[in-house]
Structure formats: C-alpha cells, structure tokens
Amino acid sequence: MQLVNKILLVSLLLVVLPLVLYYYFFPTFRDLFFEQKEITPFSRYAERNILSQEFHLVAPDHLKYNQPSIVSGRTDVVTVTPWLAPVVWEGTFDPVLFDSIYKQKNITIAATVFAVGKYIMFLKEFLETAEKHFFVGFRVHVFVFTDRPNELPQVKMAAGRQLTAYPVPSSKRWQEISARRMEFIQELIEKELHKYADYIFCLDVDSRFHSRWGTESLGGLVAVVHPGYYRADRSEFPYERRPESRAYVAPGEGDFYYCGGAFGGLLQEVHQLAKTCHSNFKADATDGIEAAWQEESHLNRYMWINKPSKVLSPEYLWQDFKNINPEVKIIRFSGVIKNYAAIRPNV
Ligand code: UD2
C-alpha cells in the first residue's frame, strides 16, 4: 500500500512540476488558462461605460441647426492634429448639436480644483463663473482639494450641480502642492468618482470662466494647448530636458506644449494619466530630481506618448496678462493676474 502511495506521489509530481515551470516561464501558456486582467470596481466601470459614453453619438430626430460644410470653415488656424484629433476653436463646432447629443447620455462631469493655503481666495470667482459657463445644464460635481475646508465660499449652485471639499495637507512649498495634484486626483477617482462620474476636468483655481466651456470639450483624453507657447517652435517649449527625469522630452520631439492648469477626459483615461504621472513623479523624487514644471512636465511627457483624442485651443486657458491675438475669437477660461510673492508659501 505504501509503495502504491509513493508511486502515485512521484507520478503526480512528474505531472505537476513541469506544468508549474511551464506556467512561470511561458506567459502565453499562462494567459491561455488564467485571466490576467485585474478586476477592480474601476475596470468594471470602464467596461460598462466607455463605448456608450464616448463613441456612440446619437442626435435627436428633427433637431434644426446650421448646415455643416466640408469646404469652408476656419482657415486661420489648424483644426486637426497630425493624428487626426480635433483641435477645438470657436467656429469649429455647433454647441446646440453637441448639447443635444450629450443631454441624452445623462452624463456626470466631475471637476477638480486645488485651493491650498492662500489660493482659497480665488475659489469664489472660479465657482461663480463656472456656474455661468461650465457645462451649464449638465450634472456637475466640483471637488475642492483644500487645507481650509471651513473657508469654502457660499456659492449658489443650480440644480444638479454640487460642491464637495476634499481635505488635503498644507505645504511649505508651492511646487509640492502643484506636484501632488496627480496623486490626489488618482485617489479621488479610485475612492469616489468611479461610482458615478463619466468625465473629469482638472483645473487651476486662480482662473475664471468668461464664456461657454461645454460638451464640445468632451473626449477620451483631452489636453489644452498652453497660451504661452502655441505659436512657438518646439525647441522653445519648456519641457523637462534632463534625461535622468521620467518627464524628459528630447530635442526635436513633442507635438504641442500643454497646460498643467487644464486637462481632462473620460474618467478611466484621466485615471491612467494621473496614476502614471504620480508614479513617475515619485520615482523621480526617489532619484532626487524634480521636473522643471512639476506635474505639467510629466503631463507633457505623457501626452507625447499617449496622444490626446481631443485638443482644446488656448481659448480654453488664456492668461489675463496676455494680449489677445486675432485667431483667438473668444476667451472661455483664463488665469488671473496674481502676485506670486503674496500668495505662495515660498517664492
Ligand atoms: C503653471 C500651470 C499650473 C502648474 C504650474 C507648474 C497653467 C495655466 N498653469 O501655473 O497648472 O502646472 O505651472 O507647477 O498651465 N496651488 C494652491 N496653492 C498654492 C500653490 C498652488 O492651491 O500655494 C494650486 C492652485 O490650484 C493653482 C495650481 O496649484 O491654480 C497651480 O499653481 P500656480 O497657479 O501657482 O502655478 P503657475 O501659475 O506657475
């Protein structure tokens, strides 16, 4: 009997051992038999929503709007990237058509804004102007990351729109506040937003809305071209230029210079962006390097490899101190003039 047991054990080992070795050394075999996909509430969200929200555009029947043309339109600006993503300028879209398509989708748009330390002073105007221009008529949930949750201004919000404070620590360095944004955005998406939000936009607080920022801005991964560099040669872009950094962009590379102060898209796309930038920023910090423009540098590196599916023109983030150029027909959102020495914790 004991001999039979031994024979059984040895033959079992002879079968199992090669299988185990094969599993570890040949990934294709492994993938054939074992599902490798990480199942999280977030990935379930992604599967459920991505197709219906982003790619299927249904217009209501009998909707009347101006006849579109494919032979006339804006000629003073480029309205499509070399990878055929639209570049959104005034005159390239029909707002009525866009809103009608997205109204039927019953979407929720989240917006994040950081108001740490004295930057809380910009929040009231940001929120008041957002009420007038940012996705008016849609469900919007604004999250304010702040170390001063008790100082949130009282702003009357329309039905379907709400404001939530998300406490974050103070910091002695503005660079750290700016840099940690990706980390907190990732955290918010994982903990909260995956349950109900479809799109997210991450915006600078020292800014205000002047005119419509609406459904025309929705897309998978959405970037805004920086107003300071949209006419410049790529050699002038302030990318991170030290190869030791994970934000490095080599000379002769890079499409546009994008703003750190406004980006967004589908929740799962922004989650991927925030997670990657956060982890690269952390790895850089371990190596003792901080990218030239913190998370903006990492975002630019990310967008060079992961091309945005929609690019917003500088109408979507202008700077109040800049003269307006003729191709900019409308300013939708702009950064206010500020005295850095008076508002930042360090200079
Ligand atoms: C640029 C970018 C900004 C960021 C930064 C580099 C634009 C228009 N702005 O702006 O997004 O990439 O360069 O790090 O693209 N903040 C606080 N408390 C502080 C300091 C900053 O809450 O004490 C938050 C706040 O939301 C602010 C944002 O961080 O809007 C960016 O800081 P900034 O506006 O001082 O940076 P700035 O103007 O250099």
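Above this text is the structure in question.
Treat the numbers as computed from the prediction; the structure is a model and nothing was measured. (Residues numbered from 1 in each chain as written. Predicted model: local features only at pLDDT ≥ 70, side-chain atom pairs only at ≥ 80, totals over all residues. Heavy atoms only, no water.)

Peer 1: What exactly am I supposed to notice about helix α8 (residues 267-286) here?
Peer 2: The periodicity of an α-helix, 3.6 residues per turn, causes residues three or four positions apart to be oriented the same way. Taking 1.5 Å per residue, 20 residues should reach 28 Å; α8 reaches 28 Å between its end C-alpha atoms and fits that length. What α8 keeps buried is the set Leu267, Gln268, Val270, His271, Leu273, Ala274, Cys277, His278, Phe281 and Asp284. Positioned one or two residues after α8, Gly288 has a phi angle of 75 degrees, which is positive. (Helix = DSSP H or I, 4+ residues; strand = E, 2+ residues; numbered from the N terminus. Expected span 1.5 Å × (residues − 1). Buried < 20%, exposed > 50% of the residue type's maximum accessible area, 1.4 Å probe, protein only.)

Peer 1: Can you help me understand the packing of helix α7 (residues 181-191) against α8 in this one?
Peer 2: For the pair α7 and α8, the least separation of the axes is 8 Å and the interaxial angle reads 140 degrees. As far as their axial angle goes, α8 and α7 are oblique. Read as a crossing pair, α7 and α8 show a hand that is left-handed. Of the residues in α8, those in contact with Met182, Glu183, Ile185, Gln186, Ile189 and Glu190 of α7 are Leu267, Val270, His271, Ala274, Lys275, Cys277 and His278. (Axes fitted to C-alpha atoms, helices over the stretch in contact; angles between N-to-C directions. Parallel < 35°, antiparallel > 145°, perpendicular 65-115°, else oblique. Left-handed = near helix turned anticlockwise from the far one by under 90°. Contact = heavy atoms within 4.5 Å.)

Peer 1: Could you clarify how one ought to interpret the pairing of strand β2 (residues 108-115) in this entry?
Peer 2: Regular strands place side chains that alternate from one sheet face to the opposite one. With 8 of its 8 residues buried, β2 lies for the most part within the structure. Of the two faces of β2, the one carrying Thr108, Ala110, Thr112 and Phe114 and the one carrying Ile109, Ala111, Val113 and Ala115 are both buried. With 8 bridges connecting them, β2 and strand β3 (residues 139-146) associate as parallel partners. Its bridge partner being in β3, Thr108 is matched across the sheet by Arg139. Each parallel crossover has a hand, and for β2 linked through helix α5 (residues 123-133) to β3 it is right-handed. Direction of pairing for β2 relative to strand β5 (residues 199-203): parallel, over a ladder of 5 bridges. Across the sheet, residue Thr112 finds its bridge partner in β5, namely Cys202. (Pairing = 2+ DSSP bridges. Right-handed = clockwise from strand over helix to strand, strands pointing away.)

Peer 1: Honestly, the pattern of salt bridges in this entry has me stumped. Any pointers?
Peer 2: Pairing is possible between side chains that carry opposite charge, provided their charged atoms lie close to one another. Applying the stated criterion to the full structure yields 23 salt bridges. Of the charged contacts, one joins Glu128 and Lys124 as a salt bridge, the two residues approaching to 2.5 Å between their closest N and O atoms. Separated by 4 residues within a single helix, Glu128 and Lys124 lie in helix α5, roughly one turn from each other. Glu128 gets classed as partly exposed once you look at its relative accessible area, which sits at 32%. (Salt bridge = Lys/Arg side-chain N within 4 Å of Asp/Glu carboxyl O.)

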